[in-house]
Amino acid sequence: MPATVTAGRWTNWAGNQSAEPSQVVTPRSVEELAAVLRQAAEQGRTVKAVGSGHSFTAIAAPGDGVLVRPEGLTAVRELNRAAGTVTVEAGLPLAALNRLLAAAGLSLTNMGDIDVQTVAGATSTGTHGTGRDSASLAAQLRGLELVLADGSVRHCSPTEDPELFAGARLGLGALGVLSALTFAVEPAFLLTAHEQPMGFAEVLDRFEELTEVNEHFEFYWFPHTDRCSTKRNNRSQGPAAPLPGFKAWLEDDFLSNTVWEGVCRIGRAFPRSIPTIAQVASRAWSERTYTDTAYKVFTSPRKVRFVEMEYAVPRSAATEVLGELKRLVERSDWRISFPVEVRCAPADDLWLSTASGRDSVYIAVHLYRGTAERDYFTAVERLMVAHGGRPHWGKLHSRDAEYLAGVYPHFKEFTALRDRVDPERRFANAYLRRVLGA
């Protein structure tokens, strides 16, 4: 039976990217996916696989080509306890992966703060959390199944076609369509979260200490204030002490989503109110500690829609950049309702990882949907670029191949691999032409 073929408009989660593909295809097996790619090659069409649409850039936008939907590729292929791996199909959402691993007494080592993405979409764009020793989701991959432009199915790992594996672990959708991924897993563990308000100056003064002594440290700074909300996650021997159900719903869902949505709407309608709102909001977060299953601590519901830009800067420059960012906001007449998010990552060996070859700090700025302060992103990007910043592939930025070739030590290896496996640019779109070159 052939893959399901439909038509329709595609729009991402934030609503800032859309396309009118000529076909929308939902393959149910790797064989059906390979047939889709062979047909596209015969017809001279481009192909883009999409996940849950949580990228803010047009990295997955199919243009007028063929859009491959992930819903038919969600099976769990193998759970290998002896090897410490799980192999799942590319369209499986991270939330489902977390639940099935927990049921088996297993866990990923680290993850980002949302789990609605597909496993292929999350790894292909460099989704990450925060960690002193543990890196992004793509860094946890141990093998891949990839369908190339000619419809051939390739398997790769550190020992099988290692060059393809080196590029495809974080491949931007530029090398082929992922059909299955093998992750390293470990026995399930508990995390204790300690959330604490802290002054901006104190966070910067203690930044090295906080990032060194905690397995996972992050903080949010509220523009127009001197206040931050910090979070420290560390492994615990237990016992589990999760937030009570009502308290968790009230603080992490109702206040952080429903109420915050209303606050953002007020700020968008009345920008002059934002500094006052920020002062109130920054004091609404109180100190709390809880212990729970790792993925329940790492992730939280995010329902308020926004657009985001995030840059990775060298860890050695982080406090300087953050200080400059605060002064930049103070000198401007911007009205910024969303807090700035700061996370950490160790150096890794992925060719296109934002932490490739250097310990990194991620600085993310956000704007509520419909907010007009786009010059905020422009000025912040200029600051990040001045410090050799690398933009998150799935978040808004204006960098091109010339700039990116200068900040990624393996950029030329990746583009050479792309030339070899997709010489006709079957997987290209406008975004990839900008960031990788034509």
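Preceding this paragraph is the structure being described.
No experiment lies behind these values; they were computed from the predicted model shown.

## Some details on the overall build of the protein
Item 1. Tallying secondary structure elements over the protein gives 14 helices and 21 strands in all.
Item 2. At 21 Å, the protein has a C-alpha radius of gyration in line with the 22 Å of a compact globule built from 438 residues.
Item 3. Reported as C-alpha extents along the three principal axes, the dimensions of the protein are approximately 60 × 50 × 40 Å.
Item 4. Evaluated residue by residue, the protein yields a buried proportion of 60% over its 438 residues.
Item 5. For the protein, the proportion of contacts with a sequence separation of at least 24, taken over those separated by at least 6, is 73%.
Item 6. Of the accessible surface of the protein, which amounts to about 17,500 Å², a share of 53% is contributed by carbon and sulfur atoms.
Item 7. A distance of 4 Å separates the average location of the 48 positive side-chain charges in the protein from that of its 51 negative side-chain charges.

## Quick look at the packing of aromatic side chains
Item 1. Summed over the entire model, instances satisfying the criterion amount to twelve aromatic pairs.
Item 2. Where Phe-306 meets Phe-338, the ring centres are 5.4 Å apart and the plane angle is 50°; that geometry is what we call tilted. Of this pair, Phe-306 sits in strand 18 (residues 306–314) while Phe-338 sits in the loop between helix 10 (318–331) and strand 19 (340–345), and the two are 32 residues apart along the sequence.
Item 3. Here Phe-306 falls in the buried class, since its relative accessible area comes to 9%.
Item 4. Judged by centre distance (5.9 Å) and plane angle (45°), the rings of Tyr-376 and Phe-377 are tilted.
Item 5. For Phe-377, a relative accessible area of 7% gives the class buried.

## A closer look at unusual backbone geometry
Item 1. Cis geometry is adopted by the peptide bond preceding Pro-239, which originates at Gly-238 and carries an omega value of 5°.
Item 2. Structurally, Pro-239 is set in the loop between strand 16 (227–236) and helix 7 (245–269).
Item 3. One non-glycine residue, Asp-161, lies in the positive phi region at around 50°.
Item 4. By the secondary structure assignment, Asp-161 is in the loop between strand 11 (153–156) and helix 4 (162–168).

## Digging into the sheet that holds strand 10 (residues 141–147)
Item 1. The five strands lie next to each other as 7-8-12-10-11, forming an open sheet whose pairing is antiparallel. Two strands lie at the open edges of the sheet, namely strand 7 (76–80) and strand 11, each paired on one side alone. Strand-to-strand twist of the sheet, defined as the mean angle between neighbouring strand axes without regard to direction, takes the value 10°.
Item 2. Bridge count for strand 8 (residues 85–89) against strand 12 (residues 177–184) is five bridges, and the pairing is antiparallel. Paired with Glu-89 across the strands is Ala-180, a residue of strand 12.

Rules and cut-offs
- Within every chain, residues take consecutive numbers counted from 1 along the sequence as written.
- Given that the model is predicted, a residue must reach a pLDDT of at least 70 before its local features are reported, and side-chain atom pairs must reach 80 or more before they are shown or counted; all residues, however, enter totals for whole chains, interfaces and linings.
- Remark: hydrogens and water are excluded; side-chain values derive from all non-hydrogen atoms of the structure.
- The way it works is that DSSP assigns letters per residue, a run of H or I at least four long becomes a helix, a run of E at least two long becomes a strand, and they are numbered from the N terminus.
- Taken over C-alpha atoms, the radius of gyration is set against a globule rule of 2.2 Å times the number of residues to the power 0.38.
- Only protein chains enter the accessibility calculation, which uses a 1.4 Å probe. A residue is then buried if its area is under 20% of the maximum for its type, exposed if over 50%, and partly exposed in between.
- Here, residues are in contact when the closest pair of their heavy atoms is within 4.5 Å.
- To measure how exposed things are, a 1.4 Å probe is used in the Shrake-Rupley method; for residues, cover is taken only from the protein chains shown.
- The charged-residue count follows a simple rule in which Lys and Arg add positive charge and Asp and Glu add negative charge, with His and chain termini not counted at all.
- In this description, the location of a charge corresponds to atom NZ of lysine, CZ of arginine, CG of aspartate or CD of glutamate.
- Planes of paired rings set the category: under 30 degrees apart is stacked, over 60 is edge-to-face and the rest tilted, where pairs are Phe, Tyr or Trp rings (Trp by its six-membered ring) whose centres lie within 6.5 Å.
- In this analysis, strands are considered paired if DSSP registers two or more bridges between them.
- Structural elements are reduced to axes, namely lines fitted to C-alpha atoms, with helices fitted over the stretch in contact, and the angle between N-to-C directions of any two is expressed from 0 to 180 degrees.

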